[in-house]
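A closer look at the structure
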Amino acid sequence: MAGSHNEDEIPQFDSSRSSGTATPANLGVDTSSKHSSSSGISLHIKLSDAKLTALSGALSGFISGIIVCPLDVTKTRLQAQGLQTGENLYYKGVIGTMSTIVRDEGVRGLYKGLVPIVLGYFPTWTIYFSVYERSKGFYSELVPRWDFVSNSCSAITAGAASTVLTNPIWVVKTRLMLQTNLGESITHYRGTLDAFSKIIQQEGVRALYAGLVPSLLGLLHVAIHFPVYEKLKTRLGCYTVNYNENGEKQQSLNVQRLIMASSLSKMVASLITYPHEILRTRMQLKSNLPSKIQHKLIPMIKKTYRNEGFMAFYSGFTANLLRTVPASAVTLVSFEYFRNHFGHQST
C-alpha cells in the first residue's frame, strides 16, 4: 500500500470470511432481494468479489494518500536529509519540518509528489488485492491448517507483485517530494512526466527501480502486520454475527475496534521494519554519492550507520506513525463504504 507504493500503506482486510470469498453479505448487506421496480428496469454494474475488493481498495487508498500527503512529504524529507546535508540537519521534528516547508515553499510544498500518489495507488492496490485474493485460495489449499502461514504468504506474494510493477512511480514520487527551491537542491523536475523523462535520459531505466531491494525486504512488514491484525481483530471482536429473517448469516463490523486493530498492528510492524524505509528513500534520491554506495544496499547501510549512528534508521519515525494511524482509519472507513456501495450495485 506505500513504498514504494509502500507496503506500510496497504490496509489489511479480511476479505474472505468463512466462505473463502468476499461478499456484500459478509458486511451486513442484504443480497437476497433483487433490485427491480414496477415502473422500470434498474441498470446495475455487476462486479465479481475479487473486482469489488480491488476497486474498493484502490479508491480507499487513493483518498487516504491525498489526505496524508503532507505527512508523507515530511517523513520523506526527514528520512533523506542525513544523506543530503550531513551533520547540519535542516529539518527538525514533525511540526518543525512542516513549518519549514510551508515557510520556504508555501502550502503547496506539502503536496509535492501528489500526482504520482494519485497515479500510483490505483494500480498498486488493484494489483495487490487481485493477487492477494488468488494467493489466499492457493495457499489455503497448500497449507490448510496453518492460517498464519497462509495469510503471511498471500500478503507477501501480493506485496511483491505490486512492488515490482509500480516501483518506478514511487521513485518519481520520492524525487518530487525531495525537491526544494533552495540552494543546490533547486527544483529540477517540472512535473511527473518530466521526472520520468529526465530520469530515463540522465540515469537510465534502471534508476526507476532504485530502492527495489529494500522495498522487497520491507515485505516483512506485511508479513508481520497482517497476522497480528488478524489476531487482534479476533481478540477485539471486530465482527459480530447476526441472522436475517430468512435465517441467513450476516456479519457486521465494529469500525472503532477495527481501526484499533489496524493501528496497533501497524505500529508493531513499523517499529520492527522501519529501517528499510530509510534505505529505500536514500537509494531512490539523486545525490553526489558514488553509484557503488548509492545503489548498493550493504554500502548504504554502512555509510548511514558510520556517519549518523543507529538512530538514523528511525529518522521520521514519528511522522510515519502520525501518517499511518489516520491513513488506516481513512482507508478502512472508505474501504467499507465503497465496498458496501458497489456491493449494492452489483447485486
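One structure accompanies this document, and this report is about it. (Residues numbered from 1 in each chain as written. Predicted model: local features only at pLDDT ≥ 70, side-chain atom pairs only at ≥ 80, totals over all residues. Heavy atoms only, no water.)

Right, let's talk about the pattern of salt bridges for a bit. Counted under the stated rule, the structure contains 11 salt bridges. Linking Arg190 and Asp194 is a salt bridge whose minimum nitrogen-to-oxygen distance equals 3.4 Å. The exposure class assigned to Arg190 is exposed, which follows from its relative accessible area of 72%. Note that Asp194 is salt-bridged to Lys198, the shortest N-O span being 3.3 Å. (Salt bridge = Lys/Arg side-chain N within 4 Å of Asp/Glu carboxyl O. Buried < 20%, exposed > 50% of the residue type's maximum accessible area, 1.4 Å probe, protein only.)

This next bit is on the packing of aromatic side chains. Here the structure, examined in full by the defined rule, presents eight aromatic pairs. Consider the rings of Phe138 and Tyr139, whose centres lie 5.1 Å apart with planes at 75°: the pair is edge-to-face. Judged by relative accessible area, Phe138 falls into the partly exposed class, the value being 48%. When the ring of Tyr274 is compared with that of Phe317, the centres are 5.2 Å apart and the planes differ by 75°; the resulting orientation is edge-to-face. With Tyr274 in the loop between α9 (255–273) and α10 (275–284) and Phe317 in helix α13 (residues 317–345), this residue pair connects regions lying 43 residues apart in the sequence. Neither Tyr274 nor Phe317 differs from the other in exposure class; each is buried. These aromatic residues form a ring-pair network of at least three members: Tyr274, Phe310, Phe313, Tyr314 and Phe317. (Phe/Tyr/Trp six-rings, centres within 6.5 Å; stacked < 30°, edge-to-face > 60°. Helix = DSSP H or I, 4+ residues; strand = E, 2+ residues; numbered from the N terminus.)

On the surface, a cluster of nonpolar side chains totalling about 500 Å² of accessible area is made up of Val164, Leu165, Ile200, Val205, Tyr209 and Leu216. On the secondary structure map, Leu165 appears in helix α5 (residues 147–177). (Patch = residues over 30% accessible without salt bridge, like charges linked within 9 Å, V, L, I, M, F, W, Y side chains within 5 Å. Areas by Shrake-Rupley, 256 points an atom, 1.4 Å probe, with all protein chains shown as cover.)

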